[in-house]
Amino acid sequence: MIGDVVFVNLPIDNLDDMHQYSINDNEWSTLPRPMVVGFGLGQLSGKLITVGGRENETAVGNVYQFNEESQQWEENAIPPMPTPHVLSCVITHQSNVAACGGFIVE
């Protein structure tokens, strides 16, 4: 949740659809699909991020950030994780990001 907006990703048919719900507007909308599937989802400095996941069946440690103005996902929001994770739980606090659980693929 960022501000009054709740974000939900729905892994369907090996693709992760991303939706947002505005509490104030009582309205759902769809965001562009992230660049990866099987990612962890979190927020960093008020921005929506994806952490890790798979690109073309290859596990990655990349972090993407959603740019609300351009409605695009931007790579390298922060440096990638040293070990790729798939389906991790993402925890953020201030400027710290932790990816927990999921699968570590080397």
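Here goes a summary of the coordinates provided. Just so you know, these numbers come straight off a predicted model, no measurement behind them. (Residues numbered from 1 in each chain as written. Predicted model: local features only at pLDDT ≥ 70, side-chain atom pairs only at ≥ 80, totals over all residues. Heavy atoms only, no water.)

### Description of the sheet that holds strand 7 (residues 72–75)
What counts here: Paired strands, in this sense, are two strands between which DSSP finds at least two bridges. Counting from the N terminus, the helices are the DSSP runs of H or I reaching at least four residues and the strands are the DSSP runs of E reaching at least two. Between N-to-C directions, angles span 0 to 180 degrees; the directions come from axes that are lines fitted to C-alpha atoms, helices contributing only their stretch in contact.
Strand order in the open sheet formed by 4 strands is 4-5-6-7, with antiparallel pairing between adjacent strands. The strands lining the two open edges of the sheet, one partner per strand, are strand 4 (40–44) and strand 7. On average, each strand axis in the sheet is inclined to that of its neighbour by 35°, with strand direction left out of account.

### Examining unusual backbone geometry
Despite not being glycine, Asn26 shows a phi value in the positive range, around 50°. With respect to the element layout, Asn26 can be found in the loop between strand 2 (15–22) and strand 3 (27–31).

### Section: the environment of Leu41
The line we're drawing: The contact definition used throughout considers only heavy atoms, calling two residues in contact when any of these lie within 4.5 Å.
Mapped onto the fold, Leu41 is located in strand 4. Linking Leu41 and Asp4, residues 37 residues apart in sequence, is a C-alpha distance of 17 Å. Contacts of Leu41, omitting those with residues within four sequence positions, involve Phe7, Asn9, Met18, Leu48, Ile49, Thr50 and Val90.

### Notes on the pattern of salt bridges
Formally: In what follows, salt bridge is the name for a side-chain nitrogen of Lys or Arg lying within 4 Å of a carboxyl oxygen of Asp or Glu. When a residue's accessible area, from a 1.4 Å probe over protein chains only, is under 20% of the maximum for its type it is buried; when over 50% it is exposed; and in between it is partly exposed.
Per the counting criterion, the structure on display carries 2 salt bridges. Taking the shortest distance from any N to any O, the salt bridge between Arg33 and Asp17 comes out at 2.7 Å. One end of the pair, Arg33, is in the loop between strand 3 and strand 4; the other, Asp17, is in strand 2, and 16 residues separate them in sequence. Assessed through its relative accessible area of 43%, Arg33 is described here as partly exposed. In this structure, Arg54 and Glu57 form a salt bridge, with 3.9 Å as the shortest nitrogen-oxygen distance. Here Glu57 falls in the exposed class, since its relative accessible area comes to 62%.

### Points about the pairing of strand 10 (residues 96–100)
Across 5 bridges, strand 9 (residues 89–93) lies against strand 10 in antiparallel orientation. Its bridge partner being in strand 10, His93 is matched across the sheet by Asn96. Hairpin remark: strand 9 followed by strand 10, antiparallel, with 2 residues in the connecting loop; positive phi at Gln94, about 55°.

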